[in-house]
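Next come the chains, spelled out residue by residue.
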Amino acid sequence: ILIKKMQQDIATVLHSVAPDKAARLQSSGVNVVVFRHHFDMKAVVRRWNSFSARWLYSDSNGICPGSTLPLFPLGGKNICKLKVQRAPNPGDINWEELAVPYGERMKMLMKTNFVMLLLIGATFIITYFMNILQKQTQETANHIHGEKRFGMQAVSFLPATVVALMNVILAMAARALGKKEFHDTKTTEEFSQAMKMSWGMILNTMGVILFQ
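Only a predicted model underlies this, so the values are computations on that prediction, with no experimental measurement involved. (Residues numbered from 1 in each chain as written. Predicted model: local features only at pLDDT ≥ 70, side-chain atom pairs only at ≥ 80, totals over all residues. Heavy atoms only, no water.)

### Overview of the pairing of strand 3 (residues 71-74)
Two elements, strand 3 and strand 4 (residues 77-81), share four bridges in a ladder whose sense is antiparallel. Among the inter-strand pairings, L71 is bridged to a residue of strand 4, identified as K81. Hairpin remark: strand 3 followed by strand 4, antiparallel, with two residues in the connecting loop; positive phi at G75, about 70°. (Pairing = 2+ DSSP bridges. Helix = DSSP H or I, 4+ residues; strand = E, 2+ residues; numbered from the N terminus.)

So, in structure tokens, the structure goes:
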């Protein structure tokens, strides 16, 4: 009854504020509820995440399952199961991406990871050959004297500069690709970016050393 009343109130507000857009709006299926008391939130999360709720969709009644948990109304019938979890802070939520379907999220995640993998492979090859060039330049400089030796030593710094540039490019690419993905929170988005950066830099440093 309470859910139906809330739906009616929301529809009334939408029609009064923007009647031309109300008919085209669709729910994301995600609701963020703010409780007045912290213990109420903990009680709700505990109820909906118990063993009975997860596997039998019912209240916990000791050893035996209790009554069936409420269903969300759709088309006038209570048919949709609810999934309840503790929400992150409102400022951390990517509100525009909450309604993105799971399949679309996975497609974008595979695309961005594939592009990042190609970039890591390309920079790895460049870094590998730059390290070989640096070794050869240093060995040549050891057998040369005078101004030519100084020139060869100066050239030996070029591979290190290129490697640093590759790491900067990977960091920028990881940040841009992470923003293209669909994440419910800014924290998970930043985590995805950090993972891409970490793998790129690890392979560009430790990986090249191991394969030499």
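So much for the structure itself; the text now carries on.
### Digging into unusual backbone geometry
Here Y57, not a glycine, exhibits a phi torsion of approximately 50°, which is positive. For Y57, a relative accessible area of 7% puts it in the buried group. (Buried < 20%, exposed > 50% of the residue type's maximum accessible area, 1.4 Å probe, protein only.)

### A short note on the confidence of the model for the chain
The predicted model of the chain averages 79 in pLDDT, with 75% of residues at 70 or higher. Put simply, helix 2 (residues 19-22) is where the chain has its lowest mean pLDDT, 54, and helix 3 (residues 38-48) is where it has its highest, 89. (pLDDT = per-residue confidence, 0-100.)

### Things to note about the nonpolar core
Membership of the largest hydrophobic core is limited to eight residues, which are M116, I120, L170, A171, A173, A174, L177 and M197. Counting residues per element, the ones that place at least two in this core are helix 5 (102-142) and helix 7 (157-180). When residues in this core are grouped by element, the largest group, five residues, is from helix 7. Look past the residues within four positions of M197 in its chain and what remains in contact with it is A171, A174 and R175. (Core = buried A, V, L, I, M, F, W, Y, C linked by side-chain atoms within 4.5 Å. Contact = heavy atoms within 4.5 Å.)

### Description of the packing of aromatic side chains
Overall, the coordinates contain two aromatic pairs when judged by the stated rule. For the pair W48 and Y57, a centre-to-centre distance of 6.0 Å together with 65° between the ring planes defines the contact as edge-to-face. Taking the relative accessible area as the measure of exposure, W48 reaches 12% and is therefore buried. Each ring, one from F51 and one from W55, has its centre 6.5 Å from the other, and the planes form 40°; the classification is tilted. Residue F51 and its partner W55 are located together in helix 4 (residues 51-55), separated by four residues, close to a single helical turn. With relative accessibility at 62%, the residue F51 sits in the exposed group. With a relative accessible area of 65%, W55 lands in the exposed category. (Phe/Tyr/Trp six-rings, centres within 6.5 Å; stacked < 30°, edge-to-face > 60°.)

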